[in-house]
Amino acid sequence: MSLHEIAHTPMTINDSPRYSYRGMMLDTSRRYFEVETIKEVIDTLAAAKFNVFHWHIVDDDSFPLELDSYPDVSQNAAFSADNVYTKEMINDVISYAAK
């Protein structure tokens, strides 16, 4: 590594990110991902120094989220009854990401 210096130059360079976050969104309303795959995405984001993970779980296309208040919605509105995220799965991903 070399250092280049220009003496008596009247300038200042301030370099910083435009935003305080670097993030990515994973859209599981349109394509189902296994929990282990989501955890791998989180690991990759952490390695690349991303600090925001936006998990887009539901949308008009699909509702693969299990809700206690509406137990039938995920079974009827998900692409497949087998591809639904339970509360336990969601909590598992959240606690994994927090670590």
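Each remark here, short or long, concerns the structure printed above.
Residues numbered from 1 in each chain as written. Predicted model: local features only at pLDDT ≥ 70, side-chain atom pairs only at ≥ 80, totals over all residues. Heavy atoms only, no water.

### Concerning the overall build of the protein chain
Piece 1. Within the protein chain one finds 3 helices and 2 strands.
Piece 2. Each helix and strand of the protein chain, placed in order from N terminus to C terminus, yields the pattern β-α-β-α-α.
Piece 3. Its C-alpha radius of gyration of 21 Å places the protein chain more than 25% over the 13 Å reference for a compact globule of 99 residues.
Piece 4. When its C-alpha atoms are laid out on the principal axes, the protein chain stretches across 70 × 25 × 20 Å.
Piece 5. Counting contacts in the protein chain only where the partners sit at least 6 residues apart, residues at least 24 apart contribute 58% of the total.
Piece 6. A total of about 7,900 Å² of accessible surface is found on the protein chain, and carbon and sulfur atoms cover 53% of it.
Piece 7. Separation between the mean location of the 8 positive side-chain charges and that of the 16 negative ones in the protein chain comes to 8 Å. (Helix = DSSP H or I, 4+ residues; strand = E, 2+ residues; numbered from the N terminus. Rg over C-alpha atoms; globule rule 2.2 N^0.38 Å. Contact = heavy atoms within 4.5 Å. Areas by Shrake-Rupley, 256 points an atom, 1.4 Å probe, with all protein chains shown as cover. Lys, Arg positive; Asp, Glu negative; His and termini not counted. Charge placed at Lys NZ, Arg CZ, Asp CG, Glu CD.)

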